[in-house]
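Chain and residue survey
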Amino acid sequence: DARVTQTPRDKVTEMGQEVTMRCQPILGHNTVFWYRQTMMQGLELLAYFRNRAPLDDSGMPKDRFSAEMPDATLATLKIQPSEPRDSAVYFCASGIGQGTITFGSGTRLTVV
Amino acid sequence: GESVGLHLPTLSVQEGDNSIINCAYSNSASDYFIWYKQESGKGPQFIIDIRSNMDKRQGQRVTVLLNKTVKHLSLQIAATQPGDSAVYFCAEILNTDKLIFGTGTRLQVFP
């Protein structure tokens, strides 16, 4: 089965450190989403791309978060510097048009 | 505004009964809706979708109903099984491709 691959699966880091999360979308999918999930806020859309171009990153704290797609097979979400309140599960998802959007298994980030 | 909410945070049902999970959405311009199931430690998994030109769609043991007049969406699961225990999210598509999630409902199935 085609799947969205996210790395790392788990990440524990100290406050102030840089964190980079990676996502390999399903081959052929042209839309990539980044979501953050916490108990308090549920699933929040951080940013999404179409054909590697950012369409909307209004859900992302601009001062410390950045999202990029260096190529069609890789999406990255970077936090610098990280803070304890960034602790959450970060999901990447990919899709094509309004077809089924498939999620990865997530990266669980803990900032201590 | 862009918000999708759920009426019931937790739903407990007996195995074999039917489950109904409800969702209210706020953006009347949304034209595509999806239900996702999320099990512990996993990402959301697509269950069923419906477009705004339909009011009902059926899958295997699941049915989604859409009432555009009151901006309400529901997911019906027939003969609920222990494996159906999970958190269920409704989501709407805004502006053609922006997927916005509701707050989620936890479904608990007991024997």
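The structure under discussion appears in the preceding block.
Residues numbered from 1 in each chain as written. Chains lettered and ligands numbered in written order. Predicted model: local features only at pLDDT ≥ 70, side-chain atom pairs only at ≥ 80, totals over all residues. Heavy atoms only, no water.

**Some points on the overall build of chain A**
Each helix and strand counted, chain A has zero helices and eleven strands in total. Along chain A, helices (α) and strands (β) appear in the sequence β-β-β-β-β-β-β-β-β-β-β when read from the amino end. Relative to the 2.2 N^0.38 estimate, which gives 13 Å for 112 residues, the radius of gyration of chain A is 13 Å and therefore close to what a compact globule would have. Seen through its principal axes, chain A has C-alpha atoms that stretch 35 × 30 × 25 Å. Evaluated residue by residue, chain A yields a buried proportion of 46% over its 112 residues. Taking all contacts inside chain A whose residues are at least 6 apart in sequence as the whole, residues at least 24 apart take part in 53%. Entry remark: accessible area of chain A is about 5600 Å², with carbon and sulfur atoms responsible for 49%. Charge centroids of chain A, computed over 12 positive and 12 negative side chains, lie 3 Å from each other. (Helix = DSSP H or I, 4+ residues; strand = E, 2+ residues; numbered from the N terminus. Rg over C-alpha atoms; globule rule 2.2 N^0.38 Å. Buried < 20%, exposed > 50% of the residue type's maximum accessible area, 1.4 Å probe, protein only. Contact = heavy atoms within 4.5 Å. Areas by Shrake-Rupley, 256 points an atom, 1.4 Å probe, with all protein chains shown as cover. Lys, Arg positive; Asp, Glu negative; His and termini not counted. Charge placed at Lys NZ, Arg CZ, Asp CG, Glu CD.)

**Some words on the interface of chain A and chain B**
For an interface, size is often stated in terms of accessible area lost upon the parts coming together. If you look at the interface, chain A gives 19 residues, while chain B gives 18 residues. Across the chain A to chain B interface the summed buried area is about 1600 Å²; carbon plus sulfur atoms make up 52%. Between chain A and chain B we count one salt bridge in total. The tally of links from chain A across to chain B stands at five residue pairs in polar contact (both at pLDDT 80 or more). Of all the secondary structure elements, the ones that give two or more residues to the side of chain A that touches chain B are β4 (31-38), β5 (42-50) and β6 (53-56) of chain A. Looking at the side of chain A that touches chain B, the element that brings in the most residues is β5(A), giving four residues. (Buried area = accessible area lost by both parts, 1.4 Å probe. Salt bridge = Lys/Arg side-chain N within 4 Å of Asp/Glu carboxyl O. Polar contact = N/O pair within 3.5 Å; in protein donor to acceptor, adjacent residues only side chain to side chain.)

**Looking at the state of the cysteines**
Enumeration according to the criterion identifies two disulfides over all chains in this entry. A disulfide bridge connects A:Cys23 with A:Cys92, and the sulfur atoms are separated by 1.9 Å. Here the S-S torsion is close to -65°, and the disulfide linking A:Cys23 with A:Cys92 is therefore left-handed. Note that A:Cys23 is positioned in strand β3 (residues 19-24) and A:Cys92 in strand β9 (residues 88-95), a separation of 69 residues in sequence. Both residues of the pair, A:Cys23 and A:Cys92, belong to the buried class. One disulfide bridge connects B:Cys23 with B:Cys90, the sulfur atoms lying 1.8 Å from each other. (Disulfide = S-S within 2.5 Å.)

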